[in-house]
Amino acid sequence: MVENVKGLLKLHEEITHHVYLDNENSGIVPQEVVDTMLPYFNKVAYGNPTLTHKPGWEAFEVMMNSFQKISRYMGAKLLEEITFTPGESEANNLAIMGSCFAQKEKGKKIIISAIEPINVLHVVEMMKNFGFTVTKIPVDQEGFLNMEKLKEAIDNETILVSVATVNNELGTIQNIKEVVQIVKDKNPQILFHTDATDAYGRVPFNVQDLNVDLATVSSYKIQGPRGISALYLHESVSLDRIIEGPIGTQKLWPGIENTPLVVGFTKASELAFENFEMNIAKMRSLRDKLVDGVFSELSDLRFNGPRGEKRSPDNANISFLRVEGEALTIELSLKGVYLSSGSACSRRLLQPSHVLVAIGRRFEEAHGSVLMKTTRYLTEEDIAYVLEVLPNAVNRIRRIVGSTGVE
Amino acid sequence: MSRIPLPYNPKVMDLFRNPKNLGKMEDATIVAVAGNPACGDMITFYLKVDEQTQIIEKAQFESYGCAANIATSSIVTEMINGLTLQATWSNITWQKVTEEIGGLPSVKFHCGVLAVGALKRAIRKYFNDRSCAPVWMPKENTFEEKQALEEEELANTLSTRLKPEEEKSL
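Given the structure is predicted, the values throughout are model-derived calculations rather than measurements.

Q: Would you mind showing me how to read the pairing of strand β1 (residues 30–36) of chain B here?
A: Along a regular strand, successive side chains alternate from one face of the sheet to the other. Residues and elements named next belong to chain B. With five of seven residues buried, β1 is to be regarded as a mostly interior element. Sheet topology note: the β1/strand β2 (residues 41–49) ladder contains seven bridges and is antiparallel. For Ala32, the partnering residue across the bridge sits in β2 and is Phe45.

Q: How should the packing of helix α2 (residues 67–79) of chain B against helix α5 (residues 109–129) of chain B be read in this particular structure?
A: Each pair of packed helices can be described by the angle between their axes along with the distance between the axes. Residues and elements named next belong to chain B. As a packed pair, α2 and α5 sit with axes 9 Å apart at the nearest point and diverge in direction by 40°. In terms of orientation, α2 lies oblique with respect to α5. By crossing handedness, the relation of α2 to α5 is classed as right-handed. Taking contact as the criterion, the partners of Ala68, Asn69, Thr72, Ser73 and Val76 in α2 are, on α5, Cys111, Gly112, Ala115 and Leu119. Of the residues in the contact of α2 with α5, the class split is five nonpolar, four polar and no charged.

Q: Got a minute to help me understand the nonpolar core in this structure?
A: One recurring pattern in soluble globular proteins is that nonpolar side chains are buried together. The biggest cluster of nonpolar side chains holds 89 residues, and the ones touching the most others in it are Ile96(A) and Tyr232(A). Counting residues per element, this core draws most heavily on helix α4 (residues 54–74) of chain A, at eight residues. Two domains each provide a minimum of three residues to this core, namely domain 1 (2–21 + 276–401) and domain 2 (32–273) of chain A. If we skip the residues at most four places from it in the chain, Tyr232(A) touches Met74(A), Ala76(A), Glu81(A), Ile82(A), Val207(A), Leu214(A) and Ala215(A). The next biggest cluster of nonpolar side chains, apart from the first, holds 75 residues, and it includes Met283(A), Val370(A), Met42(B) and Ile101(B).

Q: Would you explain the sheet that holds strand β5 (residues 158–162) of chain A in this entry?
A: All names here are of chain A. One open sheet holds the seven strands; their spatial order is β2-β8-β7-β6-β5-β3-β4, and the pairing between them is mixed. Each end of this open sheet is capped by a strand with a single partner; those strands are β2 (82–85) and β4 (133–137). Here the strands of the sheet are splayed against their neighbours by 20° on average, with no regard to which way each runs. Here three bridges tie β5 to strand β6 (residues 191–195), and the two strands are oriented parallel to one another. Paired with Val161 across the bridge in β6 is Phe192. Against the sheet, helix α6 (residues 118–127) contacts β3 (109–113), β4, β5 and β6, and its axis sits at roughly 160° relative to β3.

Q: When you look at the pairing of strand β7 (residues 214–218) of chain A in this model, what are you seeing that I'm missing?
A: All names here are of chain A. Counting buried residues along β7, five of its five residues qualify, which places the element largely inside the surrounding structure. Side chains of β7 alternate between two faces, with Leu214, Thr216 and Ser218 and Ala215 and Val217 buried alike. As paired elements, β6 and β7 share three bridges and run parallel to each other. Within β7, the position partnered with Thr194 by the bridge is Ala215.

Q: I would appreciate a short explanation of the environment of Tyr338(A) in the present structure.
A: Residues and elements named next belong to chain A. Position of Tyr338 relative to the elements: it lies in strand β11 (residues 337–338). Tyr338 gets classed as partly exposed once you count the C-beta atoms within 10 Å, which come to 17. Once the C-alpha coordinates of Tyr338 and His18 are considered, the two residues, 320 residues apart in sequence, prove to be 7.8 Å apart. Non-local contacts of Tyr338, meaning those with residues more than four positions away in its chain, are made with Val19, Tyr20, Leu21, Asp22 and Ser333.

Q: I would appreciate a short explanation of the environment of Thr85(A) in the present structure.
A: Residues and elements named next belong to chain A. Inspection of the secondary structure puts Thr85 in strand β2. Using a count of 25 C-beta atoms within 10 Å as the deciding quantity, one classes Thr85 as buried. When the C-alpha positions of Thr85 and Trp253 are compared, they lie 6.7 Å apart, and in sequence the two are 168 residues distant.

Cut-offs used in this document
Residues numbered from 1 in each chain as written. Chains lettered and ligands numbered in written order. Predicted model: local features only at pLDDT ≥ 70, side-chain atom pairs only at ≥ 80, totals over all residues. Buried ≥ 20, exposed ≤ 12 C-beta atoms within 10 Å, placed from the backbone. Helix = DSSP H or I, 4+ residues; strand = E, 2+ residues; numbered from the N terminus. Pairing = 2+ DSSP bridges. Axes fitted to C-alpha atoms, helices over the stretch in contact; angles between N-to-C directions. Parallel < 35°, antiparallel > 145°, perpendicular 65-115°, else oblique. Left-handed = near helix turned anticlockwise from the far one by under 90°. Contact = placed C-beta atoms within 7 Å. Nonpolar A, V, L, I, M, F, W, Y, C, P; charged D, E, K, R; others polar. Core = buried A, V, L, I, M, F, W, Y, C linked by C-beta atoms within 7 Å. Domains from an automatic or database assignment.

Listed below in structure tokens is the structure:
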């Protein structure tokens, strides 16, 4: 298998232009972020922040500065409301399991949207083993939550509602303020969690303004290092820990704090928020050029998710009909364009993205979907290069398909 | 969705990039399709068969699917070229196809199965159309043919359910 990978990589040796658009699934950490992180491995703050020596106190200072900054960027009141976890999976697991276990005497019902990310979907499914029930609220064809169904679903048993601020696949910006209002009007005791990993740094987001109890943000989604995320927890709410170990600066997540990653996440956040308007204008302009270019070059496409102001500025999700996504991602990789497909092969069936299925896409439309996200680090030349190679790639795959499957 | 790493071997990649015997055949003796776009896996085989000798003179394919699907379909057209229908039936199995292509990731075995299912379906159709049943051809569907049918049935149930605005519990 490793030999095969070497062979695959060899096929890429001639490529001179690389454009990475798979920012949904982690990606390039810019040099300015890496440079900020490096001293923390071996020059400064390399100690454990809870121990009584210089490198420990330095690390403690780093943690406090980072709690401070991330809490400010999230709009939190107190730095104590922030907990760093490794991935966003850990943060979402902590938010959901932790609040379910802490609230289990009050009720057993969890409500989520039908298009929550996998690290919310799978954890709520797992909670069923502990006697909790799950209700999924449907969305419309652009991914907006059905508010009436939400109102109907909330009952006395409901303890937790989790709806992402921005859907990671469709870029749909939910009206979270209204969603929270509906939930809290029914019962202010119900906890509200939002996965804000696709909002943070790309759409205005403020935990106090939205009145959420819990919110997840993640470093790699803003070109920080992977393996570091943060969970906001309102000061009035208490959660159960979901893992045990030595407690340091954060009571909800044991273990030695990973200061270089915390520094990297903080730096990436600074860069994202320092010139927020300019950054999102750039993402949006590149994204629009990409989408417009694809639609002017090719036909038989579906644009997935909303257009305009209710879509996050970085997200482009397009279904290429009569194209199977995996074949297209490989074809494009061989040309230096890296993106991912909405379907993944597991067992015999290609599994379409549950998000695309929830907005009513047919399976064959989902199978030909690709997700691309722009960043402020991409250039006009990058997008021009994608538009040069993508139509050819789609056309080649369509030639192989020929008349197969055409009704 | 969960993702599985798919380190394809050079042979698969070569046939994905440069598929052999690709395209519709206008004067095909027999055409057979297997799979369904909803499964992300569908193959059409076109066979030109000499009616006297029952030798496959030419085989072509079209394929909607992943790199493994394209590569296995392509290699099947090469493997059966010049074989009689009987020899094709008895010699070409999904294991042989997988071996010939230098191995596939286990989640992609079904691509070889579907390719052989489409091929056997084509041969069966050839004899059905001529209202004869050679002794070497079992009346019962083979493993590969059954798998193709199963996949198609699954696809039909998949594409009829799941509409937006339908509340679904996990």
